[in-house]
Amino acid sequence: MVINGANPGPVLCLTSAIHGDELNGIEMIRQIILELDPKILRGVVVGVPIVNLERFWRKERYIGDRRDLNRYFPGNPEGSYPERVAHALFTDIVQPCDMVIDLHTGSFFRENLPQLRVELTVESVAKLAKSFASITALQSISPPGSLRGAATKAGVPTIVMEIGGPLSLETDKVTVG
Ligand SMILES: [Zn+2]
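Predicted model only: the values in this text are computed from it and were never measured.

## Some points on the overall build of the protein chain
In terms of regular secondary structure, the protein chain is built from 6 helices and 7 strands. Walking the protein chain from its N terminus toward its C terminus, one meets helices and strands in the order β-β-α-β-α-α-β-β-α-β-α-β-α. Here the C-alpha atoms of the protein chain give a radius of gyration of 15 Å, agreeing with the 16 Å that 2.2 N^0.38 yields for 177 residues. If one aligns the C-alpha atoms of the protein chain with their principal axes, the spans along those axes are about 45 × 35 × 30 Å. The proportion of buried residues among the 177 residues of the protein chain is 40%. A fraction of 68% describes how many contacts in the protein chain between residues 6 or more apart in sequence connect residues 24 or more apart.

## Some points on the nonpolar core
The biggest cluster of nonpolar side chains holds 38 residues, and the ones touching the most others in it are V94, C97, V100, I159 and M161. Those residues in contact with V94 that lie beyond four places of it in its chain are C13, L89, V100, A151 and V156.

## Digging into the pairing of strand β2 (residues 7-16)
As paired strands, β2 and strand β3 (residues 42-48) are joined by 6 bridges and run parallel to one another. Pairing of N7 across the sheet is with R42, part of β3. Following the chain from β2 across helix α1 (residues 24-35) to the adjacent parallel β3, one finds a crossover that is right-handed. Sheet topology places β2 next to strand β4 (residues 99-104); 5 bridges connect them, and they run parallel. Of the residues in β4, the one forming a bridge with T15 is D102.

Definitions and limits used
Residues numbered from 1 in each chain as written. Predicted model: local features only at pLDDT ≥ 70, side-chain atom pairs only at ≥ 80, totals over all residues. Helix = DSSP H or I, 4+ residues; strand = E, 2+ residues; numbered from the N terminus. Rg over C-alpha atoms; globule rule 2.2 N^0.38 Å. Buried ≥ 20, exposed ≤ 12 C-beta atoms within 10 Å, placed from the backbone. Contact = placed C-beta atoms within 7 Å. Core = buried A, V, L, I, M, F, W, Y, C linked by C-beta atoms within 7 Å. Pairing = 2+ DSSP bridges. Right-handed = clockwise from strand over helix to strand, strands pointing away.

What follows is the structure in structure tokens.
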């Protein structure tokens, strides 16, 4: 989903459901895209509401053999299934953008309070985190193979927002997000 603003500006990418059971971010992106007014927007907002569509349909966090799609970035076009999915998202959508916010929830039976996960030592990432209003920002080194780490390394500052728990659509959390 792409909203092209009438005025020039940066390109922001929003991604969610890299883990197929994390639903709050899907609705957050839907609402953001619907509510944006392209006439006053500066720049572009790109929304990828369901990255892991195959596992979303199965209501499952991981791909087969408990492998985590969010450990395969930046991917490989000749590699395994998750490497190819990661590569397609990374090269076609993420790399042309100027910044990314990757939306998540807690895993399994955990519920995460609203928080940003940020590598505060990276200046461009810290600057992006400061553009949020009152929300806790946790200093967090990106896990190897995560979208956040790979994109930041490629020069696209990326942060993760965690909000709520899996397998449910929590409207109050969506509103906060
Ligand atoms: Zn997640």
